[in-house]
Protein chains: 2
Amino acid sequence: MKDVIRLAHGAGGKTMNDLIREVFATPLDNRYLRQMADSAVVEPEHRNPRFAISTDSYTVRPLIFPGGDIGSLAVHGTVNDVAMSGARPLWLTASFILEEGLSIATLKHVVQSMAEAAQEAGVQIVAGDTKVVERGHGDGMYINTAGVGVVPEGVMIGPDRAQPGDVVLLSGTIGDHGIAVLSKREGLAFETDLLSDSAALNGLVESLLSAAPLVHCLRDPTRGGLAAALNELAETSRVGIEIEEGRIPVRPAVAAACEMMGFDPLTVANEGKMVVIVPPQEAQAAVEALHAHPLGQNAARIGFVTDDHPGLVLARTGIGGRRVVDMPLGELLPRIC
Amino acid sequence: MKDVIRLAHGAGGKTMNDLIREVFATPLDNRYLRQMADSAVVEPEHRNPRFAISTDSYTVRPLIFPGGDIGSLAVHGTVNDVAMSGARPLWLTASFILEEGLSIATLKHVVQSMAEAAQEAGVQIVAGDTKVVERGHGDGMYINTAGVGVVPEGVMIGPDRAQPGDVVLLSGTIGDHGIAVLSKREGLAFETDLLSDSAALNGLVESLLSAAPLVHCLRDPTRGGLAAALNELAETSRVGIEIEEGRIPVRPAVAAACEMMGFDPLTVANEGKMVVIVPPQEAQAAVEALHAHPLGQNAARIGFVTDDHPGLVLARTGIGGRRVVDMPLGELLPRIC
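These numbers were taken from a predicted model, which means no experiment stands behind them. For every chain, the first residue of its written sequence is number 1, and the numbers climb from 1 along that sequence. Here every chain gets a letter starting at A, and every ligand a number starting at 1, in the order they are written. The predicted nature of this model means local features are confined to residues of pLDDT at least 70 and side-chain atom pairs, given and counted, to a pLDDT of 80 or more, with totals for whole chains, interfaces and linings taken over all residues. Water and hydrogen atoms were dropped before computing side-chain values, which therefore reflect all heavy atoms in the structure.

Participant: Even after reading the chapter, I still don't get the sheet that holds strand E10 (residues 240-244) of chain A, so can you show me in this structure?
Facilitator: Consider a sheet: its strands pair through backbone hydrogen bonds, and that pairing is either parallel or antiparallel. Residues and elements named next belong to chain A. Pairing is mixed in the open sheet, where seven strands are placed in the order E9-E11-E8-E12-E10-E13-E14. A strand with exactly one partner marks an edge of an open sheet, and here the two such strands are strand E9 (217-219) and strand E14 (322-324). In this sheet, adjacent strand axes meet at a mean angle of 25° when their direction is disregarded. When E10 meets strand E13 (residues 313-316), the two strands line up parallel, connected through four bridges. Within E13, the residue paired with Ile241 across the bridge is Val313. Residues are treated as being in contact if the distance between any of their heavy atoms lies within 4.5 Å. The axes are straight lines fitted to the C-alpha atoms, using for helices just the contacting stretch, and the angles between their N-to-C directions are given from 0 to 180°. Note on conventions: DSSP H or I runs of at least 4 residues are helices, E runs of at least 2 residues are strands, and numbering of each starts at the N terminus. Helix-sheet contacts for helix H9 (residues 280-291) involve strand E8 (167-170), strand E11 (275-278) and strand E12 (300-306), and the interaxial angle to E8 is about 10°. When DSSP finds two or more bridges between two strands, those strands count as paired.

Participant: Just checking my understanding: could you explain the interface of chain A and chain B for this structure?
Facilitator: It is common to give the size of an interface as the accessible area that goes away when the parts come together. Each partner contributes to the interface: chain A provides 73 residues, whereas chain B provides 73 residues. Carbon and sulfur atoms supply 69% of the area buried between chain A and chain B, which totals about 6,500 Å² over both sides. Throughout, buried area stands for the accessible area (probe radius 1.4 Å) lost by two parts on being put together, summed over both. Sorting the residues of chain A by area buried against chain B places Ile5, Ile104 and Lys131 of chain A first, and these three jointly supply 10% of that buried surface. Taking the shortest distance from any N to any O, the salt bridge between Glu134 of chain A and Arg335 of chain B comes out at 2.4 Å. For this analysis, a salt bridge means a side-chain nitrogen from Lys or Arg found within 4 Å of a carboxyl oxygen belonging to Asp or Glu.

Participant: Sorry, what's going on with the domain arrangement of chain A here?
Facilitator: Residue and element names in this part refer to chain A. Those domain boundaries reflect an automatic or database domain assignment. With domains assigned, chain A is organised as domain 1 (7-151) and domain 2 (167-324). Contact residues are listed per partner, giving 30 residues for domain 1 and 27 residues for domain 2. Taken together, both faces of the contact between domain 1 and domain 2 bury some 2,200 Å²; the carbon and sulfur share is 53%. Together, Pro66, Asn80 and Met84 form the three largest contributors to the area buried by domain 1 at its contact with domain 2, with a combined 25%. In this structure, the connection of domain 1 to domain 2 is made through zero salt bridges.

Participant: What is the right way to look at the packing of aromatic side chains in this model?
Facilitator: What describes a pair of aromatic rings is the distance from one ring centre to the other and the angle between the planes of the rings. Two rings from Phe, Tyr or Trp (for Trp, the six-membered ring) form a pair when their centres are within 6.5 Å of each other. A pair whose planes differ by under 30 degrees is stacked, one over 60 is edge-to-face, and the rest are tilted. If you walk through the whole model with that rule in mind, you get one aromatic pair over all chains. Sitting over a ring, as applied to charges here, requires NZ of Lys or CZ of Arg to be within 6 Å of the ring centre and within 35 degrees of the ring normal. Above the face of the Tyr58 of chain B ring, Lys131 of chain A is positioned so that its terminal group lies 5.6 Å from the ring centre.

Participant: How do you make sense of the relation of the copies chain A and chain B when you look at a structure like this?
Facilitator: The pair of chain copies shares a relation made of a rotation about an axis and a shift along it. Least squares is the method used to superpose the copies, on C-alpha atoms of residues holding a pLDDT of at least 70 in both. When chain A is fitted onto chain B, the two copies agree to an RMSD of 0.0 Å after a turn of 180° and an axial shift of 0.0 Å. The operation mapping one copy onto its partner corresponds to a two-fold rotation axis. Of all interface residues in chain A, 100% are interface residues in chain B too; the two copies therefore contact each other through one and the same surface.

Participant: What's the story with the environment of Ile319 of chain B in this structure? I'm lost.
Facilitator: All names here are of chain B. Here Ile319 shows up in the loop between strand E13 (313-316) and strand E14 (322-324). The rule is simple: take the accessible area with a 1.4 Å probe, protein chains only, and divide by the maximum for that residue type; under 20% is buried, over 50% is exposed, in between is partly exposed. Residue Ile319 is classed as exposed on the basis of its relative accessible area, which comes to 84%. When the C-alpha positions of Ile319 and Ile5 are compared, they lie 40 Å apart, and in sequence the two are 314 residues distant.

Participant: Whenever I open this one, the pairing of strand E5 (residues 88-99) of chain B confuses me. Can you help?
Facilitator: When a strand is regular, its side chains alternate between the sheet's two faces. Residues and elements named next belong to chain B. Within E5, eleven of the twelve residues are buried, which leaves the element mostly enclosed by the surrounding structure. Where E5 and strand E7 (residues 141-151) come together, ten bridges link them in antiparallel fashion. Directly across from Trp91, in E7, lies its bridge partner Val148. By the criterion used throughout, a crossover qualifies as right-handed when its path from the first strand across the helix to the second strand runs clockwise, the strands pointing away from the viewer. Following the backbone out of E5, through helix H4 (residues 104-121) and into the adjacent parallel strand E6 (residues 124-133), one traces a crossover that is right-handed.

Participant: In this structure, what is going on with helix H7 (residues 225-237) of chain A? I would like to understand it.
Facilitator: Note that an α-helix has 3.6 residues per turn; residues three or four places apart therefore point the same way. The first and last C-alpha atoms of H7 of chain A sit 19 Å apart over 13 residues, in line with the 18 Å expected at 1.5 Å per residue. Those residues of H7 of chain A lying buried are Gly225, Leu226, Ala227, Ala228, Ala229, Leu230, Asn231, Glu232, Leu233, Ala234 and Ser237 of chain A. Between the first and last residue of a helix there are one fewer steps than residues, each counted as 1.5 Å, and that sum is the expected span.

Participant: What's the story with the pattern of salt bridges in this structure? I'm lost.
Facilitator: Pairs can form between side chains of opposite charge once their charged atoms are near each other. Going through the model one piece at a time under the given rule, you end up with 32 salt bridges over all chains. For Lys131 of chain A, the salt bridge identified is with Asp56 of chain B, shortest N-O distance 3.1 Å. Placement of Lys131 of chain A in strand E6 (residues 124-133) and of Asp56 of chain B in strand E2 (residues 50-58) is noted, with the two residues assigned to different chains. Comparing Lys131 of chain A with Asp56 of chain B shows no difference in burial state: the two are buried. The residue Lys273 of chain A makes a salt bridge to Asp197 of chain A at a minimum N-O spacing of 3.1 Å. In this pair, Lys273 of chain A is assigned in the loop between helix H8 (252-261) and E11 and Asp197 of chain A in the loop between helix H5 (176-186) and helix H6 (202-211), connecting sequence segments 76 residues apart. Across the pair, Asp197 of chain A and Lys273 of chain A agree in class, each one buried. Through salt bridges with shared partners, a single ionic network connects Asp56 and Arg223 of chain A together with Asp129 and Lys131 of chain B.

Participant: Teacher, can you tell me more about H6 of chain A here?
Facilitator: All names here are of chain A. Along H6, the residues that are buried comprise Asn202, Leu204, Val205, Leu208 and Leu209. End-on, the buried residues of H6 take up no more than an arc of 150°, which puts them together on one face. For H6, the elements touching its buried residues are helix H3 (70-83), strand E5 (88-99), helix H4 (104-121), E9, E11 and H9. Regarding the arc, it is the one traced by the directions from the helix axis to the C-beta atoms.

Participant: So what exactly am I meant to see when it comes to the packing of helix H3 (residues 70-83) of chain B against H4 of chain B here?
Facilitator: Axis angle and axis distance: for two packed helices, these are the angle between their axes and the distance between the axes, and together they describe the pair. Residue and element names in this part refer to chain B. Contact pair H3 / H4: the axes reach a minimum separation of 6 Å and the direction vectors enclose 30°. Judged by the inter-axis angle, H3 sits roughly parallel to H4. The handedness of the crossing between H3 and H4 comes out as right-handed. Along the contact surface, H3 presents Ile70, Gly71, Ser72, Ala74, Val75, His76 and Val79, while H4 presents Val110, Ser113, Met114, Ala117, Ala118 and Ala121. Put simply, Ala, Val, Leu, Ile, Met, Phe, Trp, Tyr, Cys and Pro go in the nonpolar bin, Asp, Glu, Lys and Arg in the charged bin, and everything else, Gly too, in the polar bin. Its residues assigned to classes, the contact of H3 with H4 comprises nine nonpolar, four polar and no charged. Under this scheme an angle from 65 to 115 degrees is roughly perpendicular, one under 35 degrees roughly parallel, and one over 145 degrees roughly antiparallel; angles in between are oblique. Whether a crossing is left-handed or right-handed is set by the direction in which the near helix is turned from the far one by less than a right angle, anticlockwise for left-handed and clockwise for right-handed.

Participant: Is there a simple way to think about the sheet that holds E13 of chain B in this case?
Facilitator: All names here are of chain B. Taken in spatial order, the seven strands of this open sheet run E9-E11-E8-E12-E10-E13-E14, and their pairing is mixed. This sheet does not close on itself; its edge strands, each paired only once, are strand E9 (217-219) and E14. Between one strand axis and the next, the sheet turns by 25° as a mean value, whatever way the strands run. Note: strand E8 (residues 167-170) against strand E11 (residues 275-278), four bridges, orientation antiparallel. Note that in E11 the partner of Val167 across the bridge is Val278. In the packing of helix H9 (residues 280-291) onto the sheet, the strands contacted are E8, E11 and strand E12 (300-306), and the crossing angle to E8 comes to about 10°.

Okay, here's the thing in structure tokens:
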């Protein structure tokens, strides 16, 4: 059983990271993949512009969920991965693996939704591909998008750049996407009017960077949630991160659902949120820039970077204690993006 | 039954083109997609370099076949799509949809094969992603690759540039990939030591372009085979194409298998061949450049472009007649790439 792929291998947590390290890292090793960033910043030799390139396949179930669908998600997710390098996303590719028997109406709905999401985000889908697999070898449709963006001159953002003393910001409430998808999928009793937060963050990043050009790290806490994002940043930068649980914005519906299901909201996926790590002298300007943008209204200062406990994320709990925020293991919520 | 996706929608023929036109073309319309080229040539505003961007998902069955596997194929296929714009492929992304239960050994084999193919082709895989789906919702693994390349200054290649009087070249034998995969998959009696032709064509394209810089069109005849590639070029350029069947190189094993199965070799997939359309004054230099390269040793002049019958491809048959080479409909060989 150990030598086969399990669901946990795709869930964005430790088990997936082990797989990446064990299977992909060595044979594919190069300086871009080694960055382990959300998108690769590539630099043509002897040229000035730097390009951010990223890819993601989307397998969310159900295809249409409250607040979005696999099409808008596939645009937002890749736009965001490119934007997390501080880049301005410009071009996307889109590739579809369709299951025999998928309704054309559903496909049209999803494609339309991609087109709208791309237009809203200001990106163009410049290349595409379609494959069809036999009934029972897919699940309606899977979509891959890859994205390319230009990194503005002077912007230096990467998961290895957090420094002790930096301030950790979060752009809004957590867990909305995961719980919205789950409620629809499982038809759960806690189904509310909660919507996925799926959104393109490139506009928010642009606003942020004009107010706080020295931002060190950006990360969108998707699969594995805020817990995975913070752990990845702490590990890659070899710093400790300390957050205050009480400062993390969580909608009451999400909190209630998590309590009922036994989930930690810190491990639930988001698709329109980002973690910002910024030097202290720019923290206030950064928070104000986030608050001024529709997608950052609930932004909060949630913690700081320290040289204590490098690689570890600690949370101060409501009753004054401290707990380790672990990298989630991976079984939590399959097929959430 | 008309409103659901069928296997033919993914088979590279007319049915797929209808689907693209009906479902994707309008909502996603922009000047890059409108080119309908193998890769999009994108041009950052106010900058000189032009980039070719392409994507393909690979769903070939079986995962490992004579002469390659889904990993090498995923590198070759996308490198070739980028190279078909005359670009020098530089960066790939790779995204995996893995089925629960896939053996790690198989995955390792495939990833290693991708790494080797990328190194041989001189490209770097700069970003990646992994998803896992439940058993019965995939088929071992699907891989998406997207590619970015730089188009050298002065190169102007596109599927709309064929002109009457141009010469049509083919870089080698056809049908090898489709028949090799099929023989393995079906365990057919005609199983021979035939190998897929899967190979990266960017080196061949570079050699070609230094000998014949005015090349008008390049196209790799993958799904749908040579018949689809020629029909697409004739339609996009609004010209007629006339070929001589007897000049098309076909290996005896492929010819025999096609005869047995009732296939037209012109519709069988290739993964290491290209069609070249070149002005007559450069035709000889182009053929010589192809012949001088290991991947072009069997290159042949197979026909010409005419202003008769625009949009149609005609073949002179062995016995002196002419037949229309139709766009294949699409049911031929599912999951061939």
